[in-house]
Amino acid sequence: PLAAAMAAKRGTDEMRDRVVLGEFGVRNVHTTDFPGNYPGYEDGGDRRRFEEAFRVDIIREEEGALEFDMVGIDAAIANAFRRILLAEVPTMAVEKVFVYNNTSIVQDEILAHRLGLIPIRADPRLFEYRNQGDEEGTEIDTLQFQLKIKCSRNPQAAKESSDPNELYFNHKVYSKHMTWVPLGNQTDLFPDADFRPVHDDILIALLRPGQEIDVLMHCVKGIGKDHAKFSPVATASYRLLPDITLLQPIEDEAAEMLQKCFSPGVIEIQNIKGKKVARVANARLDTFSREVFRHEGLKNLVRLARVRNHYIFSVESTGILPPDVLVSEAIKILMGKCQRFLNELDSVPME
Amino acid sequence: VQADGTDGNCVTFVLHDEDHTLGNSLRYMVMKNPDVEFCGYCITHPSESKINFRIQTRGGLPAVEPFRKGLNDLMGVCQHVLSTFEVRLLPEELRGLF
């Protein structure tokens, strides 16, 4: 009876903590640890217990990418952060393009579309949203850029050359040719700022002699929900921490086969008393291709699961804001949403 | 926000300009409240940006209370996540200060 009770408890613990990947499907997907579901478990929203169990670990922090772990929160909240990172963190991007002269082969609207997608290095927190219906744009909500370039023939080029780099000047229009034109008192407001596209070598259009592009661009602040050009992340994703358990000791050839079934580095083979024994070295590296299930002899000896509340986030920024700032902003935006509804609740009397 | 229900215990809130981002996380926080008997949300139509958020309480508690508590709890969770994250970003020496 004690063994049975312990097995039952292990079963419930598994149901609560792990998402199990079976051969034909995934089990225990939904969060079930709500108060009242499990007798004997204290599941109510206890703030202190959450704060004790929660932790964040920064795994890798590079120029434009950040990988960090969040342990102890639920899928709903992790997903909310991911959704906000993709769609609701504001950035500045080109919205209106005033075309004064465009004699290139790139059509006006295609050119405008391409210009909109260029990431602009401008901290969106310094700007306001433009009011709806406001066509002109003031200095607090608009950045103006100019792109004025004309292609001409190079008189010094060799007679037989066919290399466009030699024959023409300015035949490739790059994003570095975009220049910032300060509006109003922006030079006083931002004395040290250098607003330009994040990357200098984005090819916008190709020209030939006699063609020119003369456009004026207005950048406004927007969010990814409105148009994907405003999304500040190259991508933001998360995965759950893999958890691989070997249900029985696996030796010799089976061990070798097992090692090949998983990503390199996950299973290591140790030599114990002359026999090769497999051991799970680092489950985190696995990408769960489920190759084990294709081998009849191995598929019942391994349990593939994921830890339900351990999220490995990977945030890659387009360069506008560093990824750690993006995550902080996303969390603040979620708080702002809650605050908005709390204010409404307080101001509108409920009947 | 619009509320609508038979008595104070079961209320459907209509939240405008919201979607799964707030809906799912708020639902999770409200479900963690032991006084809540039922909590769910749905998006009425994907073209319209609004959600129907329904709370049913047990024991006569007005449904606005778990809603308010859920919002406050979600804010508290976010605040804690934010502070933990920012502390972790600091280099080793400064971390001991928090």
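Residues numbered from 1 in each chain as written. Chains lettered and ligands numbered in written order. Predicted model: local features only at pLDDT ≥ 70, side-chain atom pairs only at ≥ 80, totals over all residues. Heavy atoms only, no water.

Chain B is annotated in an unreviewed UniProt entry as DNA-directed RNA polymerases I and III subunit RPAC2 of Circaetus pectoralis. Note on chain B: under the UniProt heading Subcellular location (unreviewed entry), the record states "Nucleus". (UniProt positions renumbered as here; feature names shortened; annotations may be inferred.)

Named according to an unreviewed UniProt entry, chain A is DNA-directed RNA polymerases I and III subunit RPAC1 originating from Circaetus pectoralis. Entered under Subcellular location (unreviewed entry) in the UniProt record, the comment concerning chain A runs "Nucleus". Within the UniProt record for chain A, the comment given under Sequence similarities (unreviewed entry) is "Belongs to the archaeal Rpo3/eukaryotic RPB3 RNA polymerase subunit family."

1. Quick notes on the interface of chain A and chain B
Chain A puts 45 residues into the contact, and the matching count from chain B is 38 residues. A buried area of about 3900 Å², summed over both sides, lies between chain A and chain B, and 71% of it is on carbon and sulfur atoms. Interface area lost by chain A to chain B is led by A:Phe34, A:Met335 and A:Phe341, which between them contribute 16%. Viewed at the interface, chain B and chain A are joined by 5 salt bridges. A salt bridge links A:Lys337 to B:Glu18; its shortest N-O distance comes to 3.4 Å. Between the two partners, chain A and chain B, sit 7 residue pairs in polar contact (both at pLDDT 80 or more). Listed by contribution, the elements that provide at least two residues to the side of chain A that touches chain B are helix H2 (47–53), strand S3 (55–61), strand S4 (65–71), helix H3 (75–87) and helix H8 (323–347) of chain A. (Contact = heavy atoms within 4.5 Å. Buried area = accessible area lost by both parts, 1.4 Å probe. Salt bridge = Lys/Arg side-chain N within 4 Å of Asp/Glu carboxyl O. Polar contact = N/O pair within 3.5 Å; in protein donor to acceptor, adjacent residues only side chain to side chain. Helix = DSSP H or I, 4+ residues; strand = E, 2+ residues; numbered from the N terminus.)

2. Quick look at the domain arrangement of chain A
Residue and element names in this part refer to chain A. Segmentation of chain A into domains returns domain 1 (15–89 + 232–247 + 301–341) and domain 2 (91–230). Computed over C-alpha atoms only, the centres of domain 1 and domain 2 are separated by 38 Å. Between domain 1 and domain 2, the residue contacts involve 11 residues of the former and 15 residues of the latter. Buried surface at the junction of domain 1 and domain 2, summed over both partners, amounts to about 940 Å²; 60% is from carbon and sulfur atoms. Counting across the domain 1 and domain 2 interface gives 2 salt bridges. For Glu-329, the salt bridge identified is with Arg-125, shortest N-O distance 3.4 Å. Counting across the domain 1 and domain 2 interface gives 3 residue pairs in polar contact (both at pLDDT 80 or more). A breakdown of the residues in the side of domain 1 that touches domain 2 according to their chemical character gives 7 nonpolar, 2 polar and 2 charged. (Domains from an automatic or database assignment. Nonpolar A, V, L, I, M, F, W, Y, C, P; charged D, E, K, R; others polar.)

3. Comments concerning the packing of aromatic side chains
Residues and elements named next belong to chain A. Scanning the model with the defined rule gives 11 aromatic pairs over all chains in all. Ring geometry for Trp-180 against Phe-195: centres 4.9 Å apart, planes inclined by 90°, an arrangement best described as edge-to-face. One end of the pair, Trp-180, is in strand S11 (residues 178–180); the other, Phe-195, is in the loop between helix H6 (186–189) and strand S12 (196–197), and 15 residues separate them in sequence. Each member of the pair, Trp-180 as well as Phe-195, is classed as buried. (Phe/Tyr/Trp six-rings, centres within 6.5 Å; stacked < 30°, edge-to-face > 60°. Buried < 20%, exposed > 50% of the residue type's maximum accessible area, 1.4 Å probe, protein only.)

4. With respect to the pairing of strand S14 (residues 212–222) of chain A
Residues and elements named next belong to chain A. The element S14 is largely enclosed, with a buried count of 11 among its 11 residues. A two-sided burial pattern is seen for S14, the buried positions comprising Glu-212, Asp-214, Leu-216, His-218, Val-220 and Gly-222 on one face and Ile-213, Val-215, Met-217, Cys-219 and Lys-221 on the other. As defined by bridge partners, strand S5 (residues 91–102) adjoins S14 across 10 bridges and the pair is classed as antiparallel. Residue pairing for S14: Thr-91 is matched across the bridge by Gly-222. In this structure, strand S7 (residues 143–150) lies alongside S14, joined through 8 bridges in antiparallel fashion. (Pairing = 2+ DSSP bridges.)

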